[in-house]
Amino acid sequence: MKPRVLVYTKYSTDLPRFVEMLSPDAAQADFAFATTPEEAAPHLPTTEILYGWGFPLAMTKSMPRLKWIQKMGAGVEDVSGVKWPFKDSVILTRTDGRLIAPRMVEYVLAAVLRRTLKTEATDSLRRRREWGYVELGSVRQETIGIAGLGEIGSEVAKAFRALGAKVVGWRRSDTPSPEVDRLFVGPEGLRDFLSSASTVVLVLPKTDETRRLIGREALAAVRPGVHLVNVGRGDLVDEPALLEALDSGRVGHATMDVFATEPLPPEHPFWDHPKVSMTPHLSGPLIPEDVAPHFLRNLQAYLERGTLQNVVDPQRQY
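Note that this is a predicted model, so its numbers are computed, not measured. (Residues numbered from 1 in each chain as written. Predicted model: local features only at pLDDT ≥ 70, side-chain atom pairs only at ≥ 80, totals over all residues. Heavy atoms only, no water.)

Another aspect to go through is the overall build of the protein. A count of helices and strands for the protein gives 9 helices and 12 strands. Relative to the globule expectation of 20 Å for 318 residues, the C-alpha radius of gyration of the protein, 22 Å, shows essentially globular dimensions. Relative to its full complement of 318 residues, the protein shows a buried share of 52%. In the protein, the share of contacts with a sequence separation of at least 24, taken over all contacts with a separation of at least 6, comes to 61%. In the form shown here, the protein has an accessible surface area of approximately 15900 Å², with 53% of it arising from carbon and sulfur atoms. (Helix = DSSP H or I, 4+ residues; strand = E, 2+ residues; numbered from the N terminus. Rg over C-alpha atoms; globule rule 2.2 N^0.38 Å. Buried < 20%, exposed > 50% of the residue type's maximum accessible area, 1.4 Å probe, protein only. Contact = heavy atoms within 4.5 Å. Areas by Shrake-Rupley, 256 points an atom, 1.4 Å probe, with all protein chains shown as cover.)

The structure is reproduced here in structure tokens:
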């Protein structure tokens, strides 16, 4: 019998695109599609493969035949760690971050170039109808620090080096990272990493070790006036500590795409803070045409009892 694949996305507007991308492979698997637990409910008893984003993990309790979960995105923190309800009976995989990286690279480039090209100053001239002079900066004068040199962070580093910036990196292990000019490693290297960069870009996953990594102690180590860009996870940053650092001038500007609480509460100080640029978690969109082919390749491997790509250790969360 063909395995039942439940395709679940919380974004109903994406569903027709996933249907279009996956339906031609109906000869290999029996696909069902859902955007809510209620829509998914009739398919749970027969589901062998769950390909999804934004599904409640409790839903899997009603999937006695479940053998494999693939997340549509690169992050797995919502289903892994202490939340993981299985032992070795279910395989967990994720989408290759390199498929999401190009859009995130463009977002980070835009955030940094907006600062170096001083667009706020030139926009102010335009609003005042003033023909004045502003000496623009250059990314070639910057030291870009990338915290997290996985599939996405490595691509961000390559893009900045191609533009002539000096790039330093920080990661948990001492795995060689040829895409950076200097690598800092582990907790003992974090302070030196932070003090070396004029822009710090957070591209780290959410794990027990990275939660509130950028707190008061870390922010005390940054280069004064640093530009902090967070496209990783909101829990990486202690937001009250960041607000203090912004108000004191220790942090010159923060570009935030992710937040500890999403949606961001309307009373949150970030909304009106003059030193904060923010977007509602848009930098790494899960475009069906970008990510579905990866799942289909893994599905083919699964059916042929081959090796699945991007397998995650649920306990280590990566």
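More follows now that the structure is in view.
With respect to the helices and strands, the residue Asn230 is situated in strand S10 (residues 226–230). In this structure Asn230 comes out as buried when scored by relative accessible area, which is 0%. Each residue touching Asn230, except ones within four places of it in the same chain, is listed here: Leu202, Leu236, Val237, Thr255, Met256, Asp257 and Val258.

A word on the packing of aromatic side chains. Aromatic rings considered in pairs are described by the distance between their centres and by the relative angle of their planes. Inspection of every chain in the model, using the stated rule, returns 9 aromatic pairs. When the centroid spacing of 6.4 Å and the interplanar angle of 85° are considered together, the rings of Tyr8 and Phe55 count as edge-to-face. Here Tyr8, found in strand S1 (residues 4–9), pairs with Phe55, found in the loop between strand S3 (47–53) and strand S4 (68–71); they are 47 residues apart in sequence, far enough to count as distant. We note that Tyr8, like Phe55, is buried. On the numbers, 6.0 Å between centres and 50° between planes, the contact of Phe259 with Phe270 is tilted. Residue Phe259 is found in the loop between strand S11 (251–256) and strand S12 (276–278), and its partner Phe270 is found in the loop between S11 and S12; the two are separated by 11 residues along the sequence. When its relative accessible area of 5% is taken as the criterion, Phe259 is described as buried. (Phe/Tyr/Trp six-rings, centres within 6.5 Å; stacked < 30°, edge-to-face > 60°.)

Turning our attention to helix H8 (residues 239–248). The periodicity of an α-helix, 3.6 residues per turn, causes residues three or four positions apart to be oriented the same way. Among the residues of H8, Glu239, Ala241, Leu242, Leu243, Ala245 and Leu246 are the ones counted as buried. Tucked into the core, H8 has its buried residues touching helix H7 (216–220), S10, S11 and S12. Just beyond H8, the residue with positive phi is Gly249, at close to 90°.

In this fold, Thr47 is placed in strand S3. The class of Thr47 is buried, set by a relative accessible area of 0%. Apart from residues lying up to four places away in sequence, Thr47 is in contact with Arg4, Leu6, Met63, Arg65 and Leu66.

Topologically, Ala292 is positioned in helix H9 (residues 288–303). We classify Ala292 as buried; its relative accessible area is 0%. Apart from residues lying up to four places away in sequence, Ala292 is in contact with Phe18, Met21, Leu22 and Tyr51.

Let us now look at the sheet that holds strand S6 (residues 143–147). In spatial order, the strands read S8-S7-S6-S9-S10-S11-S12; together these 7 strands make up an open sheet with parallel pairing. Looking at which strands have only one partner, the edges of the open sheet turn out to be strand S8 (182–185) and S12. Taking the axes of each pair of neighbouring strands and ignoring which way they run, one obtains an average angle of 15° across the sheet. In the sheet, S11 pairs with S12 via 3 bridges, with the strands oriented parallel. When the bridges of S12 are listed, Ala254 appears paired with Val276. In the packing of H8 onto the sheet, contacts are made with S10, S11 and S12, and the angle to S11 comes to roughly 135°. (Pairing = 2+ DSSP bridges. Axes fitted to C-alpha atoms, helices over the stretch in contact; angles between N-to-C directions.)

With that settled, the discussion passes to the pairing of S11. Across the 6 residues that make up S11, a large majority, 5, are buried. As judged from the 5 bridges shared by S10 and S11, these two strands associate in the parallel manner. Bridged to His227 within S11 is His253. Once you follow S10 into H8 and on to S11, the crossover reads as right-handed. (Right-handed = clockwise from strand over helix to strand, strands pointing away.)

The next point concerns the nonpolar core. Membership of the largest hydrophobic core comes to 44 residues, with the highest contact counts inside it found for Leu22, Tyr51, Ile146, Phe160 and Phe295. Secondary-structure elements contributing two or more residues to this core are S1, helix H1 (15–22), S3, helix H3 (101–116), S6, helix H5 (151–162) and H9. In terms of nonpolar packing, the next biggest core, distinct from the first, is built from 33 residues, Trp170, Val222, Val226 and Val251 among them. (Core = buried A, V, L, I, M, F, W, Y, C linked by side-chain atoms within 4.5 Å.)

The class of Tyr8 is buried, set by a relative accessible area of 3%. Sequence separation of Tyr8 and Phe55 is 47 residues, and the distance between their C-alpha atoms is 6.6 Å.

Within helix H6 (residues 186–196), burial applies to Gly186, Gly189, Leu190, Phe193, Leu194 and Ser196. Viewed end-on, H6 has its buried residues packed into an arc of 150°, placing them on one side of the element. With respect to the buried face of H6, the exposed residues turned more than 90 degrees away are Pro187 and Glu188. Buried residues along H6 sit against S6, strand S7 (166–171), S8, strand S9 (199–202) and H7. (Arc of directions from axis to C-beta.)

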